[in-house]
Structures are given as structure tokens and as C-alpha cells.
Amino acid sequence: MTNLLFLSTSLHSANASSTQLGQQFIQTWQREHGDATIRHRDLATDPVPHLTAARFAAFAVPPEQRTPEQAAEVELSDALIQELQDSDVIVIALPMYNFGIPSTLKAYFDHIARAGITFRYTAQGPDGLLTGKRAIVLATRGGRYVGTPRDTQTRYVRDFLGFLGIDAVEFVYAEGLAMGGEHREQALQSARQTLSELAA
């Protein structure tokens, strides 16, 4: 049985093109993998708070030494990491905001990057601990940026996931969505076709 985690990150939630592409992918995946379990985390309707100094400090305290306040600070991070550990496939619906990732996703990333849990440092460098997983990133943009210096998302997301040990990362792009109806529909249709092939 495959466990799939779907992260939608758009501030428009279910009305976003990225979320809708993700939902279409999930529907196809379920048809092809009938025994799959799906968990959807919407970072717009259920946002992860930005890190505070107190929460970051609590991460470094051994569980048995945490105060009740520190334990409460770490609880959400532990739950997010457990979801990842339990997942075989991670699908990220990723719009581009001002040439970067949504701040909601950055906050999520800050909560799942935990030394000794999702990665560790060794004499040879960092070692990701979330191995054996596959990630599919559905990147929607108003303009066209793939292969240009303004595409800051692709390298950053690939590097971050690789840092955690998730090296099998595939990007599906729907670009030019703000360039008119014909451009938009062509981009979305191409992305749907690619996602259908990936879900098979």
C-alpha cells in the first residue's frame, strides 16, 4: 500500500491552479493505485506558524528534558515529520510568488528540517534521513521562468528535499498562466498530460 502526502501551498487554497492540478493527479493516482492512502495538508487553511526563537531552541532539547512549554512548542513539528516519515510519495502544489516559494511552505520546511531526525551531520557532510521517497512538484507560474535565473524555486526545493534525503524529485510546470486564455489552457493541458503519465 502506498501512502501519499499532498501539500497545497497556495493562498487561494482549493481555487488555485496548483491545487486543482494536484487534485487531478490524486484522482488519477487513486484510480491506478486503489489501495493508496491519501493525506492532504492545506497550508492556507491550516498554516504552519513561522519559527520563533523559543520553538527553535526547544527543538535542540532532548525530549525527556523539555519543559511542558517546550514540549508544546515541538508538538507540531513532530506531527509534520511523522506525516513525512509515513509517506512514500510527496506531492507539492507550488505557485510562484514574487520569484519565490509561498511563505507558508517556507514555514513548513523550517519545521521539518530537524537535526538528528530528518537529517544529520557527519564527517562527510550532511546526511538526509528521509530516504526511499519520491516527490512530485507541481509548479504554476504566471510568467515563464524555467531555465532562467528568475526560477529560484526549482533549485531551492530540489536542494532542500535532497538535504533531507529525498532525491527522486520530479517537477511538472504550468507556466504563462497570466499570459492569456490560449497560453493558459495549453500550459494546463500539458501539465495534466504529464501528471497523468506520472500517476500511471
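Residues numbered from 1 in each chain as written. Predicted model: local features only at pLDDT ≥ 70, side-chain atom pairs only at ≥ 80, totals over all residues. Heavy atoms only, no water.

Colleague: Describe in detail the overall build of the protein chain, supporting the description with residues and values.
Modeller: Summing up its helical and strand segments, the protein chain has 6 helices and 7 strands in all. In sequence order, the protein chain lays out its α and β elements as β-α-β-α-α-β-α-β-β-β-α-β-α. In terms of overall size, the protein chain behaves like a compact globule, its C-alpha atoms giving a radius of gyration of 18 Å where 200 residues would be expected to give roughly 16 Å. Taken along the three principal axes of its C-alpha coordinates, the protein chain extends 60 × 40 × 35 Å. Across the 200 residues in the protein chain, those meeting the buried criterion constitute 45%. Taken as a whole, the protein chain presents about 10,100 Å² of accessible surface, with 51% of it coming from carbon and sulfur. Separation between the mean location of the 17 positive side-chain charges and that of the 22 negative ones in the protein chain comes to 5 Å. (Helix = DSSP H or I, 4+ residues; strand = E, 2+ residues; numbered from the N terminus. Rg over C-alpha atoms; globule rule 2.2 N^0.38 Å. Buried < 20%, exposed > 50% of the residue type's maximum accessible area, 1.4 Å probe, protein only. Areas by Shrake-Rupley, 256 points an atom, 1.4 Å probe, with all protein chains shown as cover. Lys, Arg positive; Asp, Glu negative; His and termini not counted. Charge placed at Lys NZ, Arg CZ, Asp CG, Glu CD.)

Colleague: Tell me about the packing of aromatic side chains, and name the residues and values.
Modeller: For the structure on display, the rule yields 10 aromatic pairs. Centroid distance Phe 99 to Tyr 145: 5.6 Å. Interplanar angle 80°. Geometry classified as edge-to-face. Here Phe 99, found in the loop between strand 3 (89-95) and helix 4 (103-112), pairs with Tyr 145, found in the loop between strand 6 (134-140) and helix 5 (152-163); they are 46 residues apart in sequence, far enough to count as distant. Judged by its relative accessible area of 18%, Tyr 145 falls in the buried class. For the ring pair Phe 171 and Tyr 173, a centre distance of 5.8 Å and an interplane angle of 15° mean the geometry is stacked. Take Phe 171: its relative accessible area is 15%, and that puts it in the buried class. (Phe/Tyr/Trp six-rings, centres within 6.5 Å; stacked < 30°, edge-to-face > 60°.)

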